[in-house]
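If you want the building blocks of each chain, they are given just below.
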Amino acid sequence: MDANFWHQRWQSSRIGFHQSDINLHLRTCWHHTGAGPGTEVLVPLCGKSLDMHWLAEQGHTVAGFELSPLAVAGFFEEAGLTPERTAEGAFEHWLCAPYHLYAGDFFAAEQLGRQFNAAYDRAALIALPPAMRADYVDLMARLITSGGRVLLVTLNHDSAKDQTPPFAVDETEVRTLFESRFEVSLLDRQQQGRQHPRVAAGDCTFFDELCFLLTRR
Ligand SMILES: C[S@@+](CC[C@H](N)C(=O)[O-])C[C@H]1O[C@@H](n2cnc3c(N)ncnc32)[C@H](O)[C@@H]1O
């Protein structure tokens, strides 16, 4: 997926990935990260996710990275917030405490010289095609401090239309990608059968959401 793919999705409002509710796994599993109030949480490929408000409600500062300025603007506008905007390295930093959203390519994040003790990935890894995933994991390993924890939410499905996101990333692949640098623990698997619209539409026979805790070695 190149940048244009995502810019076009936001320009034409084809953002079916955006949830109007807080992610169930975030609400039920975040405590496993042990991240206390005041901990800054890295949210890669954040879109305009409302999950960032939930994290802020737990007392966290949020550091989100998002390619699309439309998404970043939408996040603040829909929350009725007026951020300050400054250039910071390869990014435009939109700030309205406790939200720091960096508009630009997440793969340039190291330039900011920051590290994090906690991160939340919902629909970031699964937005990336297979060829980009190892680079994403390398970057996450460099951005997360030793002992730091990531709550990772992936999808697994058997859709034949797996040329565009959301890509299926199952437990075996998560372990293969992360296990050399993170301890990987599967916390939960929500199995969705015909109640999922894509299964009901005959696009796939299952559509599961998996939640992992990754602990940086
Ligand atoms: C599937 S969406 C998920 C958004 C969000 N995590 C959520 O749960 O709603 C993936 C997002 O990643 C953004 N994105 C894709 N590649 C990116 C990159 N290299 N750097 C920053 N953001 C990127 C897209 O614009 C899109 O908003």
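Residues numbered from 1 in each chain as written. Predicted model: local features only at pLDDT ≥ 70, side-chain atom pairs only at ≥ 80, totals over all residues.

K.L.:
Explain the overall build of the protein chain to me, please; I cannot follow it from the model alone.
P.N.:
The number of helices and strands found in the protein chain is seven helices and nine strands. Taken over the C-alpha trace, the protein chain has a radius of gyration of 17 Å; the compact-globule value for 217 residues is 17 Å, and the two agree within 12%. Its C-alpha atoms give the protein chain principal-axis dimensions of about 45 × 40 × 30 Å. Residues counted as buried form 36% of the 217 residues belonging to the protein chain. Put simply, 66% of the contacts in the protein chain that link residues at least 6 apart link residues at least 24 apart. (Helix = DSSP H or I, 4+ residues; strand = E, 2+ residues; numbered from the N terminus. Rg over C-alpha atoms; globule rule 2.2 N^0.38 Å. Buried ≥ 20, exposed ≤ 12 C-beta atoms within 10 Å, placed from the backbone. Contact = placed C-beta atoms within 7 Å.)

K.L.:
Please explain the site of the ligand as it appears in this structure.
P.N.:
In the vicinity of the ligand there are 20 residues, among which Trp-6, Leu-45, Gly-47, Leu-67 and Phe-106 approach most closely. The residue makeup of the shell around the ligand, split by class, is 13 nonpolar, four polar and three charged. (Near = placed C-beta within 6 Å. Nonpolar A, V, L, I, M, F, W, Y, C, P; charged D, E, K, R; others polar.)

K.L.:
Teacher, can you tell me more about the pairing of strand β9 (residues 207-216) here?
P.N.:
Regular strands have side chains that alternate between both faces of the sheet. With eight of 10 residues buried, β9 lies mostly within the body of the structure. As paired elements, strand β8 (residues 182-190) and β9 share eight bridges and run antiparallel to each other. By the bridge assignment for β9, Glu-183 is matched with Thr-215. (Pairing = 2+ DSSP bridges.)

K.L.:
How should the environment of Gln-191 be read in this particular structure?
P.N.:
Looking at the secondary structure, you find Gln-191 in the loop between β8 and α7 (197-200). Each C-alpha atom, one on Gln-191 and one on Glu-92, is 39 Å from the other, the two residues being 99 residues apart in sequence. Every residue in contact with Gln-191, bar those within four places of it in the chain, is listed here: Phe-206 and Asp-208.

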